[in-house]
Structures are given as C-alpha cells and as structure tokens.
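If you want the building blocks of each chain, they are given just below.
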Amino acid sequence: MKIRTVAFIAALVTSAWMGSAALAQGFVFGTSEPKADAPAPASTNSAGRNAKVESAQRLLARMGLFREAPSGNLTPATLEAIRAFSAQHGLAPTNQVTDALLNAIRKVIWQTQNWSGGNYKGREKLVDAAGLREAQILLGKLGYNAGPLDGTFGPQTQVATEAFQESQAVSVDGLITATVLMNLRRAVNGVGSSAKDTVRVLNWPDYIEPSVLQDFEKEFKVRVVYDIFSSNDDLQAKLRGSGTPYDVVFPTANAVPAMAAKGLLGKLDKASLKNIANIDPRVDATLRTWDKDGAYSLPYMWYTVGIAWNPKLTARAYPGRDMDSLTNVFDPEVAKRFQSCGIGLEDSASDIVPLAAMAGGQRKWDGKNSTAAAAQVLERLVGIVKIIPTDQYIEALATGKICVAIGFSGDAVQAQAKARGSVEYRVPSDGGLLAIDAMAIPANAKNKREAHLFIDYLMRPQVIAKISNTVGYANANSKAGEFMSDSIKSNPAVVPTTTSLSRSMPIPILSEQDQQEIARIWAKFAK
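What you are looking at is a predicted structure, and each value in this text was computed from that prediction instead of being measured.

The rules behind the values
- Residues numbered from 1 in each chain as written.
- Predicted model: local features only at pLDDT ≥ 70, side-chain atom pairs only at ≥ 80, totals over all residues.
- Heavy atoms only, no water.
- Disulfide = S-S within 2.5 Å.
- Helix = DSSP H or I, 4+ residues; strand = E, 2+ residues; numbered from the N terminus.
- Buried < 20%, exposed > 50% of the residue type's maximum accessible area, 1.4 Å probe, protein only.
- Pairing = 2+ DSSP bridges.
- Contact = heavy atoms within 4.5 Å.
- 1 Å grid on protein atoms, 1.4 Å probe; cavity = no way out; pocket = protein on both sides within 12 Å on 5 of 7 lines; lining within 4 Å.
- Points joined across faces, edges and corners; volume = space filled by probe spheres on them.
- Expected span 1.5 Å × (residues − 1).
- Polar contact = N/O pair within 3.5 Å; in protein donor to acceptor, adjacent residues only side chain to side chain.
- Salt bridge = Lys/Arg side-chain N within 4 Å of Asp/Glu carboxyl O.

**Focus on the state of the cysteines**
(1) Moving on: Enumeration over the complete set of coordinates arrives at one disulfide.
(2) Moving on: One disulfide bridge connects C341 with C403, the sulfur atoms lying 2.0 Å from each other. Of note, the bridge from C341 to C403 carries an S-S torsion of about 50° and is right-handed in sense. Here C341, found in the loop between α13 (332–338) and β6 (343–346), pairs with C403, found in the loop between α16 (390–398) and β8 (404–408); they are 62 residues apart in sequence, far enough to count as distant.
(3) Moving on: Exposure remark for C341: the relative accessible area of 15% places this residue in the buried category.
(4) Moving on: Judged by relative accessible area, which is 0%, C403 ranks as buried.

Written out as structure tokens, the structure reads:
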C-alpha cells in the first residue's frame, strides 16, 4: 500500500500557506511579524549555536543552497547561501538571519516541498498546536532547547526536533508529526536508560498503536527506535542508504520477492517465534502468492482495494444505481453522472492501474497486455475522474468533497469514523484487489534477536487486536477476534465476506518494466 493515514488524530493541518501573513491551521510558524528587519537575538542552544542561524542553514540546505554541516554560526558559506536565496526571490540583500528572512525561507519551503498540505515526504500529518506544545515540553525534558512553550513552530523548535531525530538515527525533517510526538513521549516516559537492548523499526505512517511500543519496552527492557517510510521504493532506499541498519520492516507483500532477490531481506528464524501458530493459515497461504516459501515474511495487516461512496450524494447524482461496481468509476458514461458530486481515484498507481486493467478485461496480470488495457481505460476518464492525494482521501470522503472513489479499505473505514457512517465501502462485484503488509527482517539487521522478539510480540492476539482497533485494518491473527471492537471486526470494509474475498485478486508482483510503464501511464493521466 502506498500510504497510511489515520483518522483518529484530531485537528490536523489541511490548509496551504495563503500569503506571507497567513498561518497553517493548528501548526503555527512563529507569532507576529517583526516590526523591523532586526537581527536575530543571540539565542543559543547548549552547544553555543545560534538557533535561528542553524535553522536557516538547515532550510537553505534543503533548497540546495547550503552544503556545509549546520553549525549555528554565520559562516561565509551561510552568507553566500543567504545572498543566493535573496537574489532568487527578489529580497533585499542582508548579512543577518532575521525573522523576516526566516519567514521568507519557510514560505518557499512550505510551498515547494509539500509542507502546505500538512505533510513532508512521507505525507504524515503534522500535530495540532496542543500537540506541538506538548512536544516542546518533552524536548525540554530531554535537554533540547525548543524555545517558548507556546505551541508555535519557531526556529528553536525545528532545530531541537532535528537534533532529537538525529540522536535517534531516524529520518530527519525537523517537523512535529504524530510519529515524532509518539517517539518523544516514549523517550521521556518509556524504558529509557534502563533498556538493555534496542530494536529499530521502520513502518508505514500511522500504522501502529503507540501503547503497544511502550508496553513492549517495559516488558522486555528493549528500547524501540521507530521510524516511517512513505512507499516500498522509499523503504528500499532507506534500507540501502541508512547509516544505522533497521531491524524490523513492514513491506507490502508483493514487494518482498524483489527485496529478497536484491539481498535486502534476511530469512526469518520461525522456530524462535512462540506465537507463530496464531497466524491465520488462510492469510499465510495468500502471503505465499508473493513470498512462495514464506521464508522472508509473515503477515501483519491485510486489506482490499475497492470502491467507496457516499450513499446520499450518489443517490442524488444517479438514483437507483448499484454502487459496488468498478464501472461506476471506470466507465466514462457512468462516471460522468457522478462528476458533479466528485469522483476520484486514490493516488496509488501500483494499486489502481491493476484494477483499471481488470476493468479493461484483463482478469489476470500479465504485464504488457495489462498495462495497455489499463492505459485505454484511464485515457477515457481524463477530465472526468480526478486523482485524490492519499493524504487528502479520507477527508475528501468524510466531508463529501467526493461522492465515489476507488481506494484502500482501511482509508474508507477511517472516513466512516469521521463521517459517522455516511460512507460505504465494498469489494467491487466485478473484482477487487487483495493485499497484505508483511513483517520482515532486513539482511543487515544488527539486533536480530530483538527483531524476532518484537515480531513475536505483535503476534499475540491481544496486541495485534489493539493495533487493528486503532488503525482500522484487518490483522492476520486467528485468535484476535475476541479482543477486537465490534465496530471493526463486523465492518465489511475491514473484513469482507467470503464471497467478496473470492472476487479479489492478489495484488500482482510488478516487474521493473511494469513499474516504469505504470508510472508513465499515471503521469500522463495526472496531467
């Protein structure tokens, strides 16, 4: 699956920066503008580094204008980067890092690097102002100077956050996301210095119940370092490029064969897993569609790719229409009937293109013929059906901005929660996709004993049920049902009927050529 987002994080950022004086909802960049272009005050952290200078250096580095390690000192390279930025954006030359300069740099970053949607890289949502203030307090308890405890995102908060992320050897972006706040809470309240060992976990955004990590730490005295990735490609890049190896990862199962072939995954020691008997044999058998011998992976969560709709809106647009069919989106004549209330595809080409191929008559994926069929289907939808960014999909469904769309079952469940039931989801009567997210151990993992311990812990029925209740996805544990909430386990969007599942094809293994062709088709459709 491309992205994970959870509807249970309140007051998330959704608005773009609207001019230099406007502020993002809930995630505020400083207080008021300074009355004069005064030099930054001599605020320094414990290492004697000027926080605003260091913040400017880090931001300018993201833009490719600064290539030294951030020092917090106004070096010649820093001044040159400031001059280059000012010239590019029509600002008056300056030899100081002022509030006005920082605001200007932040505005450019905000507009060009996807912060405007409340996200960065992995598209994980930023916390609200209350969460930001809590993060500032926690950073202080850990010895990082986060600036005023006011719930606003200033230079000192960013620098402190980056320093904390660097200390954890996780992805560094300086933003306060749900994952960062979760990690800060555990750093302050978790096992801490009493930990005997460490396990480094790399997962999709918003795909864990935070208390599970803290409970694991307390029971086993093993510190969990938790990081996120945004796609299977991003996961592979992190495994290749990380200075400190990860110990447990969660790839989509159809990516496992290629990752194993590239030497990125190691074989599991299944004999050491006491709870492996809890895995549902039906889900495990499906997993072997991709990992044939089951040597490299075990199932974590599973989901379908199907159709979601708002019954009130679709009934107005097309009275009497049955909605559980791919034709509602992929047939242009039918799709036009829903255009007025919003019709879309979730922005995940590797999931949507195979469904388009099915709608085009290719029931079984065979590469060239399937991509050609999908291309023909999508070409007829240009100007009718729009792509919905994954981080906006849940909100768009929940608020009625779109009335029908094809996307992930878990996202539909979360839209249902936000919309109090006014969203329906089904595996299409003419076919859907079935996918599994797996648990695996990288080949270069340094803490393999702890990795197996962590995976075994997640296979406890009570533990995985707690995760399912939070993230809205079906787990692969045959004994977890009694611990799951009725609203989750009885929801056909989470656990489809046997008949529905019989109509779902396993998401295909995509060759490098398939992936390139899918990317080309999607880019053309998205124009």
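Resuming the write-up.
**Some details on the pairing of β8**
(1) Moving on: For β8, the tally of buried residues reaches five of five residues, placing the bulk of the element in the interior.
(2) Moving on: Where strand β5 (residues 298–309) lies against β8, five bridges are found, and the strand directions are antiparallel. The residue of β8 that forms the bridge with W309 is V404.
(3) Moving on: For β6 and β8, the ladder comprises three bridges, and the chain directions are parallel. Residue pairing for β8: I343 is matched across the bridge by V404.

**Side note on the side chain of K238**
(1) Moving on: Structurally, K238 is set in helix α8 (residues 232–241).
(2) Moving on: Setting aside chain neighbours within four positions, we find K238 in contact with S171, L202, D227, I228, F229 and Y246.

**Considerations on empty space enclosed by the protein**
(1) Moving on: In the structure shown here, the tally under the stated rule is one cavity of 30 Å³ or more.
(2) Moving on: Quantified by volume, the largest cavity comes out at close to 50 Å³.
(3) Moving on: If you go around the largest cavity, the residues you meet are I279, P299, Y300, M439, L458, M459, I464, A476 and N477.

**Re helix α1 (residues 51–62)**
(1) Moving on: Here α1 contains 12 residues, and its C-alpha end-to-end distance of 17 Å stays within 8% of the 16 Å for a straight helix at 1.5 Å per residue.
(2) Moving on: Of all 12 residues in α1, 10 are buried, a share of seventy percent or more.
(3) Moving on: Along α1, the residues classified as buried are A51, K52, V53, E54, S55, A56, Q57, R58, L59 and L60.
(4) Moving on: Two or three places before K52, at the opening of α1, N50 has a side-chain oxygen 3.0 Å from that residue's backbone nitrogen.
(5) Moving on: Immediately beyond the C-terminal end of α1, within one or two residues, lies G64, with a positive phi of roughly 80°.

**Considerations on the environment of D128**
(1) Moving on: With respect to the helices and strands, the residue D128 is situated in the loop between α3 (99–112) and α4 (129–141).
(2) Moving on: Here the alpha-carbon distance between D128 and T152, two residues 24 residues apart in the chain, equals 9.6 Å.

**Observations regarding the pattern of salt bridges**
(1) Moving on: This structure, assessed with the given rule, holds 21 salt bridges.
(2) Moving on: Across the pair D99 and K52 runs a salt bridge whose closest N-O atoms are separated by 2.3 Å. Of this pair, D99 sits in helix α3 while K52 is found in helix α1, placing the two residues 47 residues apart along the sequence.
(3) Moving on: Overall, D99 belongs to the partly exposed group, its relative accessible area being 30%.
(4) Moving on: Between E512 and K262 there is a salt bridge, and its shortest N-O distance comes to 3.5 Å. Taken as a pair, E512 in helix α22 (residues 512–526) and K262 in the loop between α9 (256–261) and β4 (265–266) lie far apart in primary sequence, 250 residues in all.

**Description of the environment of S193**
(1) Moving on: Within the secondary structure, S193 is located in the loop between α6 (178–189) and β1 (197–203).
(2) Moving on: Here S193 falls in the exposed class, since its relative accessible area comes to 80%.
(3) Moving on: Sequence separation of S193 and K221 is 28 residues, and the distance between their C-alpha atoms is 9.5 Å.

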